[in-house]
Amino acid sequence: MYVGQFKANQLVDRLEAAAKARQATIARFRACPSADDPIVLARQSARRAVIQAREVRVNEREIARLATEAQREAEALAVREREATEAARQAAEKAERQAALAAEQKAARDARFAARKARVRR
């Protein structure tokens, strides 16, 4: 019968510990300041200030990122324009060389033709 009493005591001890824990939780809850307490209001305003500062920093980073991106795009556009003007200049030079070569070839052909005509007329 001793074992039964030991178990009963153990159950009572557990119930008492649970009741004490409940009471401690209730005491902690009652010890919390109310929503209109100046300390709570100060904490909330501090949190709001931190959140606003974070949002400002995020916005500044976004603006800086967009500015950098726009600058990169402008630089890329300038490079493409330079490449396009260089390609147009090279195409114009090539066309000039081809026109000069064609003129030289025509002059040489005309000279050969004139020489043939001169030989035939003699």
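Values in this document were obtained by computation on a predicted structure and should not be read as measured data.

Undergrad: So what's going on with the overall build of the protein? Residues and values would help.
TA: Summing up its helical and strand segments, the protein has two helices and zero strands in all. Across its three principal axes, the protein shows a C-alpha extent of roughly 155 × 50 × 10 Å. For the protein, the proportion of its 122 residues judged to be buried stands at 1%. On the protein, roughly 11300 Å² of surface is accessible, and the fraction owed to carbon and sulfur atoms is 59%.

Undergrad: Tell me about the pattern of salt bridges, and please be specific about residues and values.
TA: Applying the stated criterion across every chain yields a total of five salt bridges. With a closest N to O distance of 2.2 Å, E86 and R89 form a salt bridge. With E86 and R89 both in helix α2 (residues 38-121) and three residues apart, the pair spans about one turn of that helix. On the accessibility criterion, E86 (33% relative accessible area) is partly exposed. One salt-bridge network, in which partners are shared between bridges, spans E62, R65 and E69.

Undergrad: Quick rundown of the UniProt feature "coiled-coil region" (unreviewed entry) in the protein? Include the residues and the values.
TA: Under the present numbering, the feature "coiled-coil region" (unreviewed entry) in UniProt falls on residues 67-105. Along residues 67-105 the backbone is 100% helical and 0% strand, and the end-to-end C-alpha distance reaches 56 Å.

Undergrad: Tell me about a positive patch on the surface, residues and numbers included.
TA: Side chains of R109, R112, R116, R119 and R122 sit close together on the surface and give a patch of like positive charge. In this structure, R112 sits in helix α2.

So, how was this worked out
- Residues numbered from 1 in each chain as written.
- Predicted model: local features only at pLDDT ≥ 70, side-chain atom pairs only at ≥ 80, totals over all residues.
- Heavy atoms only, no water.
- Helix = DSSP H or I, 4+ residues; strand = E, 2+ residues; numbered from the N terminus.
- Buried < 20%, exposed > 50% of the residue type's maximum accessible area, 1.4 Å probe, protein only.
- Areas by Shrake-Rupley, 256 points an atom, 1.4 Å probe, with all protein chains shown as cover.
- Salt bridge = Lys/Arg side-chain N within 4 Å of Asp/Glu carboxyl O.
- UniProt positions renumbered as here; feature names shortened; annotations may be inferred.
- Patch = residues over 30% accessible without salt bridge, like charges linked within 9 Å, V, L, I, M, F, W, Y side chains within 5 Å.
- Lys, Arg positive; Asp, Glu negative; His and termini not counted.
- Charge placed at Lys NZ, Arg CZ, Asp CG, Glu CD.

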